[in-house]
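One-letter residues, chain by chain:
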Amino acid sequence: MTNQLLETNLGNAWQVNRQALATWSWDRMAVKRDRYGQYLLDGSAKWTTHGLSLESLHGHFNGTETIGLGITSLDDQCLSVVWDLDNHVSDTSTDLNLQYAIFLRGRLSEMGLQALVEDSDGKGGIHLWVLFTHPVAASLAYEFAKSIASDFRERGLKKIECFPKSPTVKNTEKRCGNYVRIPGKHHKRDHWSRFWGDKDWLSIDDSVQLLLEHEGNDPALIPAVMPVLTQKSKCKQLIKPGSLAERDNSMEMARRHAARTAGAISGERGHDLTFRLACELVKGFALSEAQAMEIISEWNDKCIPPWSEEELRHKIDDAAKSDGREGYLLIASIPASLNEKEVNDQVIAVLAKREDIFEYQGQLAVIGKKSTDGEPHHCVLKPLVLSTLREIISDSCRIYAPHAKGSRHRGSKGQRIPRWCSEAILARGHWEGVRSLRRIVRCPLLRKNGTIVQTAGYDKDSGLYLDIDDSFPKVPENPSPELIAQAVASLLDIVADFPFANTESRSAWLASLLTPLAREAYRGCTGPMFLFNGNVPGTGKGLLVDINWTIVTGGKAVLNPMPSNNDEVRKLITSFVGEASQLVLLDEITDSLGCGALNAALTGTTWKDRKLGHNQVIEGPLKFTMYGTGNNVILAGDMPRRVCQIRLESAEEHPEDRSGFKYPSVLEHVRLHRPQLLIAALTILRGFIAAGRPNQVIDNWGSFEGWSDLVRGAIVWCGLPDPGLTRVEVRDSADSDTESLLNFMRALKDVDPNGKGLRTLDILETANGRGGYSATYTKPLLAAIEELCGCCIGKVDTAKLGVRLRRFKHRVVKQMSLTTKKVKGENRWAVKGGHGGHDGHPIPPPEVFEANGFDHEYQDFEANEAFEADCADQIVQEYDDYLAGVTCC
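Analysis parameters
- Residues numbered from 1 in each chain as written.
- Predicted model: local features only at pLDDT ≥ 70, side-chain atom pairs only at ≥ 80, totals over all residues.
- Heavy atoms only, no water.
- Helix = DSSP H or I, 4+ residues; strand = E, 2+ residues; numbered from the N terminus.
- Contact = heavy atoms within 4.5 Å.
- Areas by Shrake-Rupley, 256 points an atom, 1.4 Å probe, with all protein chains shown as cover.
- Phe/Tyr/Trp six-rings, centres within 6.5 Å; stacked < 30°, edge-to-face > 60°.
- Buried < 20%, exposed > 50% of the residue type's maximum accessible area, 1.4 Å probe, protein only.
- Lys NZ or Arg CZ within 6 Å of the ring centre and 35° of its normal.
- Lys, Arg positive; Asp, Glu negative; His and termini not counted.
- Salt bridge = Lys/Arg side-chain N within 4 Å of Asp/Glu carboxyl O.
- pLDDT = per-residue confidence, 0-100.
- Axes fitted to C-alpha atoms, helices over the stretch in contact; angles between N-to-C directions.
- Parallel < 35°, antiparallel > 145°, perpendicular 65-115°, else oblique.
- Nonpolar A, V, L, I, M, F, W, Y, C, P; charged D, E, K, R; others polar.
- 1 Å grid on protein atoms, 1.4 Å probe; cavity = no way out; pocket = protein on both sides within 12 Å on 5 of 7 lines; lining within 4 Å.
- Points joined across faces, edges and corners; volume = space filled by probe spheres on them.
- Polar contact = N/O pair within 3.5 Å; in protein donor to acceptor, adjacent residues only side chain to side chain.
- Pairing = 2+ DSSP bridges.
- Arc of directions from axis to C-beta.

1. What to know about the overall build of the protein chain
On a plain count of helices and strands, the protein chain comes out with 31 helices and 28 strands. In the protein chain, of all internal contacts separated by at least 6 residues, the share reaching a separation of at least 24 is 72%. When the accessible area of the protein chain is evaluated, it comes to approximately 41,900 Å², of which 49% is carbon and sulfur surface.

So, in structure tokens, the structure goes:
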């Protein structure tokens, strides 16, 4: 009979294999057999009064009953350690269950332990199992379970249950310990357990097979000493973001509260009183288990009889696993009154003590968590809206309506947060005591004074919030020359496989990496746009950007296609400013690059614009470093001076097919060594600053002096080529208006050689052949006007031409410039300087050629370089004389 027929007749793989599963779990999981937990359809569960049997396990895997196996035996032995992740507050927290379980599985794998991740209820609840080949001491299993998951709060989870829950069951009244539901069918819904594979949930068939083939782990692999993870109190010391108004005094407040609490008396609900106090210490005052144990031990002297240390520890441990709201006894109480400003001031004072509330760009904002495409969670800043502010206020304080004077219940009647309170606070624009935040960064960087922000959290000196792990290495204050040389070598090593066109482009790449790290340490504009410009597709432009992005932010580059017009560019820049972006990327630039909004963003220091679709005006500093990618990008207008080019040139027709790289997976290499690479980049900057920022002999780069002095200076100081040298190639290859202006001035000089000046109407009439000039003069002028205005001559009127010419007034190109003069109240355009014509030489009219016996046409003069070289000087002189009215002979 096929498996399909079996499942049709007998059920799914759990039911089909119930006998094998019952035997397996009897041998591998059932360390406690004198009784077991039984789950009922209403969701409740209780210990049975009879022992476990194979028949009971058969029923479990057949789905007729649901069993929870005891984790600890009567002699305090365990066959398994289990973590129950059951956060169901939102879709995000539900996803965190799986993410954290997979993270723990990786942590255990590094120790050599194989763990099983189980989808226990189909609604996001996760069980993580570590099964052992033979029993281990419950005390060891208890410490091991808690230490492995001690950082769950830092990973975004509110709670986690670790089994075994206590190091012993000998002191409990019924000697039962605790139980956990084993894989199989959920007791309340038609869900059968699945296990996580490498990238997704396994099928039910594969899940059952995985469990039956699992041989368990050797208990000897449990580390005897876990110096980092055994800090089990660490997670209790971390208070839920923003919930604690008086956290510095919480220990003393809790001690006073315990002193006012009567001692427990045996037979007078002493268990309940002790457990309530334990909950108040651990949850109400947000103390660590060690702190709570210290206070409850002092209170224990009043108990009759006193509790043993093990019994108190058990109460504290159970309190830590309860669902009580953390810090609820520390929430401030504020009496409502008719003086709304006074009430609001008190609420703001409470908000100012939160660790996640900041003032950002004239708005209240809160720090939250975000994860994109499987990346680790990172902090983001979100402006507060009214509904969110109301939630935060209610989480931070209690506003109550006082009763009449003399009432014994005075002050005890709480109320919802008044709307007038939250609306007034949100609209204030200034909040006394609330810290000002400039932006969130995900890497250490320089302060204004040249020191380095490298401690996680809010940095009051810079106004930045550093979102990094506490274990991040530190940057040396005074790095040695050897250390700096190593730093340079390590950074250049990761780009060894890229086909830089020259060493200046390689230095320009290093500048693109150092700029966001140094941005806070200099004034003025952020710096030029870093253009990753390839000669063909596949040279590695995007990969270089990803390397920078990974080093600076720890995440993937955010691709922004190059907008098609100036308005779209402006909107995009407004969004960058509103989000306080550190890096931005304009990807796949296919047309020419350059527009007014982009120019303003690169050479400006602040930005102000209306938010798209809103009346709200966004105003903020231009602090982001801008990247661009494309192939043979053409720079238009004034862009060439605003661009630092990183030129990549490959001799291959299809560079993406190359092989034999030093780092075949360079991005993964960068991810693994991100801290070291960041420290290397900061070491270069810090070394340059510690050396006194010695002056480097480099050309000035207008508009970017602050960036040039620090970033360019540090790179040249390290012995590398000046990245500013890439400007020469950019200028030569740029399709700026310079060439168009030059052609126009040459053509205008030809029709107005004496510089008397022509009106825009006269210029257009001449270009259209109505000025009495031959086609030899009118055709070049017509072509120059069309090139300068970017449209055909039929669409150019006097107003459009005048606007275009005024843009270039007095701009010098090849020693020539456009000027205006007033003649009878009218503006006339003329060319000052130069001779016009080809490469600055005059172009004589045909009669000059004929008078001198030269058998050449005008076109020959333009094309025949040999003739020009031999006769140019003579013709220039003769033409000058001709213009002066001298007869040529």
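2. Quick word on the packing of aromatic side chains
Enumeration over the complete set of coordinates arrives at 17 aromatic pairs. Here Trp-47 and Tyr-179 contribute two aromatic rings whose centre-to-centre distance is 4.8 Å and whose plane-to-plane angle is 85 degrees, an arrangement assigned as edge-to-face. Within this pair, whereas Trp-47 is found in strand β2 (residues 45-47), its partner Tyr-179 is found in strand β8 (residues 179-181), the two being separated by 132 residues in sequence. Relative accessible area serves as the criterion here: at 17%, Tyr-179 is assigned to the buried category. With 6.3 Å between their ring centres and 70 degrees between their planes, Phe-530 and Tyr-627 make a pair best called edge-to-face. Here the residue Phe-530 occupies a position in strand β20 (residues 529-534), and Tyr-627 occupies one in strand β25 (residues 625-631), the gap between them amounting to 97 residues. Like Tyr-627, Phe-530 is buried. Taken together, Phe-530, Phe-532, Trp-549, Tyr-627, Trp-701, Phe-704 and Trp-707 form an aromatic cluster joined through their ring pairs. One cation-aromatic arrangement involves Lys-315 over Trp-307; the distance from NZ or CZ to the ring centre is 4.8 Å.

3. Some words on the side chain of Lys-541
Its location among the elements puts Lys-541 in helix α18 (residues 541-553). Here Lys-541 sits buried without a salt bridge, and the closest side chain of opposite charge, Glu-588, lies 5.5 Å off (N-O distance).

4. Focus on the confidence of the model for the protein chain
Here the protein chain averages 83 in pLDDT, while 85% of its residues score no lower than 70. Confidence, read as mean pLDDT per element, is least for helix α8 (residues 234-237) in the protein chain (31) and greatest for helix α17 (residues 503-518) (96). Predicted confidence for residues 1-9 stays below pLDDT 50, and this span has eight contacts to residues more than four positions away or in other chains. Across residues 836-844, where pLDDT falls below 50, the model places 33 contacts with residues more than four positions away in sequence or in other chains.

5. Quick notes on the packing of helix α26 (residues 760-767) against helix α27 (residues 775-789)
Following both chains from N to C, one finds α26 and α27 inclined at 120 degrees, their axes separated by 8 Å at the closest point. On the basis of their axis angle, the class for α26 and α27 is oblique. Packed against α26, whose contacting residues are Ile-763, Leu-764, Thr-766 and Ala-767, the element α27 presents Thr-778, Leu-781, Leu-782 and Ile-785 at the interface. Here the contact of α26 with α27 is built from residues that sort into six nonpolar, two polar and no charged.

6. Side note on empty space enclosed by the protein
In total, this model carries three cavities of 30 Å³ or more according to the counting rule given. The space that makes up the second largest cavity amounts to roughly 50 Å³. Put simply, the parts of the chain that give the lining of the second largest cavity at least two residues each are α20 (596-603) and β25. A class-by-class count of the residues in the lining of the second largest cavity yields six nonpolar, three polar and no charged.

7. Remarks on the environment of Gly-51
In this fold, Gly-51 is placed in the loop between β2 and α4 (54-62). We classify Gly-51 as partly exposed; its relative accessible area is 33%. Counting along the chain gives 17 residues from Gly-51 to Asp-34, while the straight-line C-alpha distance between them is 4.3 Å. Setting aside residues no more than four positions away along its own chain, Gly-51 makes contact with Arg-33, Asp-34, Arg-35 and Tyr-36.

8. Examining the side chain of Asp-121
Mapped onto the secondary structure, Asp-121 falls in the loop between β5 (116-119) and β6 (126-137). Its relative accessible area of 8% is what places Asp-121 among the buried residues. Polar side-chain contacts of Asp-121 include one of 2.9 Å to the backbone nitrogen of Lys-123. A polar contact is formed between the side chain of Asp-121 and the backbone nitrogen of Gly-125, at a distance of 2.9 Å.

9. Brief notes about unusual backbone geometry
In the segment running from Phe-163 into Pro-164, the intervening peptide bond is cis, with an omega of 5 degrees. You can see Pro-164 is positioned in the loop between β7 (161-163) and β8. In this model, Ile-304 is joined to Pro-305 through a cis peptide bond whose omega is -15 degrees. Relative to the assigned elements, Pro-305 resides in the loop between α11 (289-299) and α12 (309-320). One non-glycine residue, Gln-815, lies in the positive phi region at around 65 degrees. When its relative accessible area of 65% is taken as the criterion, Gln-815 is described as exposed.

10. With respect to the sheet that holds β6
Read across the sheet, five strands follow the order β7-β4-β6-β5-β9 without closing on themselves; strand pairing throughout is antiparallel. Among the strands making up the open sheet, the edge pair consists of β7 and β9 (194-195). Bridge analysis of strand β4 (residues 77-85) against β7 gives three bridges, and the strand direction is antiparallel. Within β7, the residue paired with Asp-84 across the bridge is Glu-161. Where helix α6 (residues 138-148) meets the sheet, its contacts fall on β4, β6 and β7, and the angle it forms with β4 comes to roughly 20 degrees.

11. Here we look at the pairing of strand β27 (residues 817-823)
Strand direction decides the pairing type here: β27 and strand β28 (residues 826-832), joined by seven bridges, are antiparallel. Bridge assignment links Thr-819 to a residue of β28, and that residue is Ala-830. If you look at the hairpin formed by β27 and β28, you'll find two residues sitting between the two strands, and Lys-824 has a positive phi there, around 55 degrees.

12. Topic: the pattern of salt bridges
This structure, assessed with the given rule, holds 34 salt bridges. Of the charged contacts in the structure, one is a salt bridge between Arg-189 and Asp-121, with a shortest N-O distance of 4.0 Å. A residue pair is termed long-range when its members are at least 10 positions apart, and Arg-189 in the loop between β8 and β9 and Asp-121 in the loop between β5 and β6 qualify at 68 residues. The exposure class of Arg-189 is partly exposed, given its relative accessible area of 31%. The salt bridge partner of Arg-570 is Asp-567, with a shortest N-O separation of 3.9 Å. Here Asp-567 and Arg-570 lie together in helix α19 (residues 566-578), a separation of three residues that amounts to about one turn. Assessed through its relative accessible area of 26%, Arg-570 is described here as partly exposed.

13. Some remarks on the sheet that holds strand β12 (residues 363-370)
Ordered by their spatial adjacency, three strands build an open sheet running β11-β12-β13, and the pairing between neighbours is antiparallel. Strand pairing shows two members of the sheet lacking a second neighbour, β11 (357-360) and β13 (378-383), which therefore form its edges. Taking the axes of each pair of neighbouring strands and ignoring which way they run, one obtains an average angle of 45 degrees across the sheet. Strand direction decides the pairing type here: β12 and β13, joined by six bridges, are antiparallel. Note on β13: the bridge partner recorded for Ala-365 is Pro-383.

14. Side note on the packing of α19 against α20
For any two helices packed against each other, one specifies the crossing angle of their axes together with the interaxial distance. Contact geometry for α19 and α20: axes closest at 7 Å, N-to-C directions at 35 degrees. Contacts between α19 and α20 involve Asn-566, Val-569, Arg-570 and Ile-573 on the former and, on the latter, Gly-596, Ala-597, Leu-598 and Ala-601. Here the residues of the contact of α19 with α20 are counted per class, giving five nonpolar, two polar and one charged.

15. Quick word on helix α28 (residues 798-807)
When we look at burial in α28, the residues that qualify are Leu-801, Gly-802 and Leu-805. Buried residues in α28, looked at end-on, bunch into an arc of 100 degrees, giving them a common side. In α28, the exposed positions that point more than 90 degrees away from the buried face belong to Ala-799, Val-803 and Arg-806.

16. So, helix α23 (residues 705-717)
Considered for burial, the residues of α23 that qualify are Trp-707, Ser-708, Leu-710, Val-711, Arg-712, Gly-713, Ala-714, Ile-715 and Val-716. Backbone geometry just after α23 places Gly-719 at a positive phi near 95 degrees.

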